Amino acid sequence: MPDCSKELSAIELKGTRDDIYRQITDNKDSESFFLKTKPNVMMFVILLNETRIKRLYISEGISRTIPKKVMGNLGKSVEVIVRKCKRGRPQKYDEKKIRAVISKKTSNDEKMKELSMPRRTFFYWKKKLGFGRKN
């Protein structure tokens, strides 16, 4: 799954506090925002008072840092949508394709060439997916 904010038409709020406040004031007519930094009360005040916000997207991790009382009150005036986002670097290889190739009855060298994958990475995936040595 790619970055969860890419498929949205929301304004991303990330960076330093000054950057976020600048993004908010530059996009006063926007109706949806994606919050990618732990918010403070002032951020919510500015969002509610200076924009036409209708939808606020928040990742699961950030939603856990916001008190339930604040989330409840925020939900009265704005639609708060909690998105599940994958963290970290995106994977270079597709797990389904690797699983299909590893299960074939060919040599390891042929499998590595088919996947165009380095030897070390191939054996890492083989062990990770449970296709290691049978003892």
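Quick caveat: nothing in here was measured; it's all calculated off a predicted structure.

(A) Quick peek at the environment of I102. In this fold, I102 is placed in helix 5 (residues 95–102). Distance in space between the C-alpha atoms of I102 and F122 is 9.1 Å, their sequence separation being 20 residues. With residues near it in sequence (within four places) discarded, I102 still touches K111, F122, W125, K126, L129 and F131.

(B) View of helix 2 (residues 41–50). Looking only at helix 2, the buried set comprises M43, F44, I46 and L47. Buried positions in helix 2, seen along its axis, are confined to an arc of 165° and lie on one side of it. Facing away from the buried side of helix 2 by over 90 degrees, the exposed positions are V41 and N49. On the buried face of helix 2, the contacting elements are strand 1 (11–13), helix 1 (17–26), strand 2 (32–35), strand 3 (55–59) and helix 4 (68–77).

(C) The arrangement of a nonpolar patch on the surface in detail. A cluster of nonpolar residues, V41, M42 and V45, forms a patch on the protein surface that exposes about 270 Å² of accessible area. Secondary-structure assignment places V45 in helix 2.

(D) Seen up close, the sheet that holds strand 1. On the basis of which strands lie adjacent, the open sheet formed by four strands has the order 1-2-3-4 and parallel pairing. Among the strands making up the open sheet, the edge pair consists of strand 1 and strand 4 (79–83). On average, each strand axis in the sheet is tilted by 25° relative to the strand beside it, whichever way the strands run. Of the pairings in the sheet, the one linking strand 3 to strand 4 comprises five bridges and is parallel in character. The residue bridging I58 from the neighbouring strand is V82, located in strand 4.

(E) Layout of the side chain of T37. By the secondary structure assignment, T37 is in the loop between strand 2 and helix 2. By relative accessible area, T37 is classed as buried at 18%.

(F) Representation of the packing of helix 1 against helix 2 in the model. Their axes nearest at 10 Å, the elements helix 1 and helix 2 cross at an angle of 10°. As the angle between them shows, helix 1 and helix 2 are arranged roughly parallel. Between helix 1 and helix 2, the residues in contact are R17, I20, Y21, I24 and T25 and M42, M43, I46, L47 and E50, respectively. When grouped by side-chain class, the residues that make up the contact of helix 1 with helix 2 number seven nonpolar, one polar and two charged.

(G) Expanded view of the packing of helix 5 against helix 7 (residues 119–128). At their nearest, the axes of helix 5 and helix 7 sit 11 Å apart, and the two run at 90° to each other. Here helix 5 is positioned roughly perpendicular relative to helix 7, judged by the angle of their axes. When helix 5 is examined against helix 7, the residues E95, I98 and I102 are found in contact with a partner set consisting of F122, W125 and K126.

(H) Up close: the pattern of salt bridges. With the rule as written, the count across this model stands at seven salt bridges. R119 serves as the salt-bridge partner of D109, at 3.6 Å between the closest nitrogen and oxygen. With D109 in helix 6 (residues 108–115) and R119 in helix 7, this residue pair connects regions lying ten residues apart in the sequence. Several salt bridges converge on common partners, so that one network encompasses E12, K14 and K36.

Definitions and limits used
- Residues numbered from 1 in each chain as written.
- Predicted model: local features only at pLDDT ≥ 70, side-chain atom pairs only at ≥ 80, totals over all residues.
- Heavy atoms only, no water.
- Helix = DSSP H or I, 4+ residues; strand = E, 2+ residues; numbered from the N terminus.
- Contact = heavy atoms within 4.5 Å.
- Buried < 20%, exposed > 50% of the residue type's maximum accessible area, 1.4 Å probe, protein only.
- Arc of directions from axis to C-beta.
- Patch = residues over 30% accessible without salt bridge, like charges linked within 9 Å, V, L, I, M, F, W, Y side chains within 5 Å.
- Areas by Shrake-Rupley, 256 points an atom, 1.4 Å probe, with all protein chains shown as cover.
- Salt bridge = Lys/Arg side-chain N within 4 Å of Asp/Glu carboxyl O.
- Pairing = 2+ DSSP bridges.
- Axes fitted to C-alpha atoms, helices over the stretch in contact; angles between N-to-C directions.
- Parallel < 35°, antiparallel > 145°, perpendicular 65-115°, else oblique.
- Nonpolar A, V, L, I, M, F, W, Y, C, P; charged D, E, K, R; others polar.

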